[in-house]
Amino acid sequence: MAASDQKMLDSACPVPLDERTLGVLPTPIAVIDSELRLRYANPAFRVAWGIPETEIQGCCLQEVFSTEMAAGIRRIVQQTLSGESAEALFAEPAKGRSVRIRCAESEGAAVLAVEISPKRQDAPSGFPDAVRLRTVVDNLPAFIAYYGADLRYHYVNASYQQFFGHPYEWFVGRPVAEVVGADTFALIEPHVKQALSGHAVAFAFQRLEPGGTATAHLRAQYVPDVQADGSVSGLFSLIEDVTARLDAERMAVQEQREKLAIADSLTAMVGSYDSRGRLTYVNQAVADRVGRPAEELIGLTASEAFPAEIATLLEPLVTRALSGERVAPQRSFPVRFRDDEAVGYYELEFTPLFAQDVQRGVVGLAHDVTDRVLREKALAGVEATEFFPAWGKARLHAMIANRPDWTLSRQRQWGVPMAFLVHRETGELHPRTPELTETIAQLIEKKGIEAWQHVSVEELIGNEAKDYVKNPDTLDVWFDSGTTHETVLRGSHTDESHFPADLYLEGSDQHRGWFHSSLLTSCMINGVPPYKALLTHGFVVDGQGRKMSKSV
């Protein structure tokens, strides 16, 4: 039967039942009314049964088909008109063919779609057809049997004989329940009855191995043996022991979970895409950077999961990898995952995933190389800067090249206190923060910056003091002074200055201080130093040669 014809029948024939619609189909089609008479037959049907067009209208089934075939068709038509699609297989020995008829209801009538198969040619003389077939079945790694409608074995293959330890003759005629045991038969009996009613069945069940020490996982298929008259004389049974397969699948799942656990522990961001470019996995690093739970990202495309600028970067790389190309990291990309964070630099790589030589998707990694990029930018900035005296260049270059970490200041709180009260449990600012900030500012104006260290929480908010603490954070002195290229050159004194400045000048200790922090923060923000030249001057000393500074 043509696929289009079957699709029409499967959809309950939504097209009009007229000659224009059905007459062009190569599949034999007939329409039978509720009185079990032919209303219409297309040319293919009339040719198949040799009936003139003038004689088809109003024919009863017995006038067209054999008695047995007419009875079977009557049964499936009545079943269809009661609301359930049906089909049946018939033999027409006189015509040397078998006929499968599928039936569906449309507009109060039953539509028959006929599939005709020629009768199998007899095997050449002496060809051991049955013997060879039995040899094949006996060597299959499955339990294959035939039950009669009386639920007794008519045939079992060698797997049955080996498992139960009995010869073939022992099984024939023996009840199924007796062979498999009452417990197992109770599991399969509903499926057996369903198959004997004419429906193919597939299901899974478990049973204890002999000795009761392990559980076997089995999958079964029952196919009804439908006769020419539509009756079911028995069923073919195929049962597979899939225990080893399921164990292997469980091990593969466990191995996959272990791999995912490793991926989740990586600081690099890891994600995989299917062949449609949709995320199938992201590790915790991705979820943390995006600020969304990992499960919310599964099934999304890059444009749905990430900010637009990142999606624009990722999509062409994923597409290249999906074409089978390995995309190796070539350069770093500036990326900002959220508006409230600084730009980071990442190297991206994508590798195609293959299974049995078929590409299944892509895995991608994003390595955070911000530290390396910042160091590279800062060192390039040192090379571009003019130094007075010249030895200052080597001093600042060594400090950047060998810097062990990126803490701006030294190991102490040195700067302006961030004078806020925060909740002891949640860390939230006090609801009267603007008012309290003004109070603290006035206090510092009168008593100096150390007033913040001396004032108690009780003095500021009274009875609420038990729920709040003073914020211990400090606006780092080197961050404060090191960002004057933004707050002064591009802020308060924009009209009187320009960026980058022509010259920064300070004492030689500022290679680790102001010169250093200004270089780093400007390279973070602007990619270049905030100055064109650095001048290092000497120190003022008193009459005894002591350095005059703020610490004296």
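Scroll up to find the structure this text is about.
Residues numbered from 1 in each chain as written. Predicted model: local features only at pLDDT ≥ 70, side-chain atom pairs only at ≥ 80, totals over all residues. Heavy atoms only, no water.

S.K.: How should the overall build of the protein chain be read in this particular structure?
M.R.: The secondary structure content of the protein chain amounts to 24 helices and 22 strands. Out of the 552 residues belonging to the protein chain, those deemed buried represent 38%. Counting only carbon and sulfur atoms, one obtains 54% of the accessible surface of the protein chain, whose full area is about 31500 Å². (Helix = DSSP H or I, 4+ residues; strand = E, 2+ residues; numbered from the N terminus. Buried < 20%, exposed > 50% of the residue type's maximum accessible area, 1.4 Å probe, protein only. Areas by Shrake-Rupley, 256 points an atom, 1.4 Å probe, with all protein chains shown as cover.)

S.K.: Is there a simple way to think about the environment of Ile32 in this case?
M.R.: Residue position: Ile32 is located in strand β1 (residues 29–32). Ile32 sits in the buried class, given a relative accessible area of 0%. C-alpha separation for the pair Ile32 and Gly58, spaced 26 residues apart in sequence, amounts to 9.0 Å. When near neighbours in sequence (up to four residues on either side) are disregarded, Ile32 contacts Arg37, Leu38, Arg39, Leu61, Ile73, Val77, Ala109, Ala110 and Leu112. (Contact = heavy atoms within 4.5 Å.)

S.K.: Please clarify how unusual backbone geometry should be interpreted in this entry.
M.R.: For residues besides glycine, phi is generally negative; the peptide bonds are generally trans as well. Residue Phe388 is joined to Pro389 through a cis peptide bond whose omega torsion reads -5 degrees. With respect to the element layout, Pro389 can be found in the loop between β16 (386–388) and α18 (391–401). Of note, the amide linkage connecting Phe499 to Pro500 takes the cis form, showing an omega dihedral of -5 degrees. Along the chain, Pro500 falls in the loop between α23 (484–492) and β21 (504–507). One non-glycine residue, Leu151, adopts positive backbone phi at about 60 degrees. Of note, Leu151 is situated in the loop between β6 (143–148) and β7 (153–156). Residue classification places Leu151 among the partly exposed positions, given a relative accessible area of 23%.

S.K.: Can you walk me through the pairing of β21 in this structure?
M.R.: It is a general feature of regular strands that their side chains alternate between the two faces of the sheet. With four bridges joining them, β21 and strand β22 (residues 533–537) adopt parallel strand pairing. When the bridges of β22 are listed, Gly507 appears paired with His537. Read as a crossover between parallel neighbours, the route from β21 over helix α24 (residues 514–525) to β22 is right-handed. (Pairing = 2+ DSSP bridges. Right-handed = clockwise from strand over helix to strand, strands pointing away.)

S.K.: Could you clarify how one ought to interpret the packing of aromatic side chains in this entry?
M.R.: Each aromatic ring pair is characterised by the separation of its centres together with the angle its planes make. Scanning the entire structure with this criterion turns up 21 aromatic pairs. An aromatic cluster is built from Phe143, Tyr147, Tyr153, Tyr160, Phe163, Phe164, Trp170, Phe171, Phe203, Phe205 and Tyr222, whose rings are joined through pairwise contacts. Over the face of the ring belonging to Trp170 we find Arg174, whose NZ or CZ atom lies 4.0 Å from the ring centre. (Phe/Tyr/Trp six-rings, centres within 6.5 Å; stacked < 30°, edge-to-face > 60°. Lys NZ or Arg CZ within 6 Å of the ring centre and 35° of its normal.)

S.K.: Would you mind going over the sheet that holds β21 with me for this structure?
M.R.: The pairing of strands in a sheet happens through backbone hydrogen bonds and is either parallel or antiparallel. Sheet architecture is open: three strands sit in the order β16-β22-β21, paired in parallel fashion. Two strands close off the open sheet at either side, each with one partner strand: β16 and β21. Averaged over all pairs of adjacent strands, the angle between strand axes in this sheet comes to 20 degrees, irrespective of strand direction. (Axes fitted to C-alpha atoms, helices over the stretch in contact; angles between N-to-C directions.)

S.K.: Help me understand the pattern of salt bridges in this model?
M.R.: If the charged atoms of two oppositely charged side chains come close together, the side chains can form a pair. Considering all chains together, one arrives at 20 salt bridges under this definition. Here Glu115 ties to Arg102 by a salt bridge, and the two come within 3.0 Å at their closest N and O atoms. Of this pair, Glu115 sits in strand β5 (residues 109–118) while Arg102 is found in strand β4 (residues 97–106), placing the two residues 13 residues apart along the sequence. One salt bridge connects Arg432 with Glu464, and the closest N-O pair in it is separated by 3.8 Å. Residue Arg432 is located in the loop between β18 (421–423) and α19 (433–447), and its partner Glu464 is located in the loop between α21 (457–461) and β19 (468–470); the two are separated by 32 residues in the primary sequence. Put simply, Glu87, Arg100, Arg102 and Glu115 are held in one network by salt bridges that share partners. (Salt bridge = Lys/Arg side-chain N within 4 Å of Asp/Glu carboxyl O.)

S.K.: Got a minute to help me understand the environment of Leu374 in this structure?
M.R.: Following the sequence through the fold, Leu374 ends up in helix α17 (residues 370–384). Residue classification places Leu374 among the buried residues on the basis of a relative accessible area of 10%. Residues Leu374 and Tyr345 lie 29 residues apart in sequence; the distance between their C-alpha atoms is 8.7 Å.

S.K.: I'm lost on the nonpolar core in this one. Help?
M.R.: The nonpolar side chains of a soluble globular protein tend to be buried with one another. Among the nonpolar cores identified, the biggest contains 30 residues, and Tyr273, Leu297, Phe306, Leu314, Leu348 and Phe350 are the most heavily contacted of them. For this core, the element with the most residues is helix α16 (residues 308–322), which contributes seven residues. The contact partners of Phe306, leaving out residues within four places of it in the chain, are Tyr273, Leu279, Val286, Val290, Ala311 and Leu314. Within the second largest apolar cluster, 28 residues are counted, among which are Ile32, Ile51, Phe65 and Val77. (Core = buried A, V, L, I, M, F, W, Y, C linked by side-chain atoms within 4.5 Å.)

S.K.: Quick question: what am I supposed to make of α18 here?
M.R.: What sets the pattern is the α-helix's 3.6 residues per turn: residues three or four places apart point alike. Taken residue by residue, α18 has Gly392, Leu396, Met399 and Ile400 as its buried positions. Buried residues of α18, viewed axially, fall in a sector of 100 degrees; they line one side. At its buried positions, α18 is contacted by α17, β16, α24 and β22. (Arc of directions from axis to C-beta.)

S.K.: What is the right way to read the packing of α23 against α24 from this model?
M.R.: The packing of two helices is summarised by the inter-axis angle and the distance between the axes. Contact geometry for α23 and α24: axes closest at 10 Å, N-to-C directions at 75 degrees. Regarding the angle of α23 to α24, the classification is roughly perpendicular. Mapping the contact onto sequence places Thr484, His485 and Glu486 in α23 and Trp514, Ser518, Thr521, Ser522 and Ile525 in α24. Partitioning the contact of α23 with α24 into residue classes produces two nonpolar, five polar and one charged. (Parallel < 35°, antiparallel > 145°, perpendicular 65-115°, else oblique. Nonpolar A, V, L, I, M, F, W, Y, C, P; charged D, E, K, R; others polar.)

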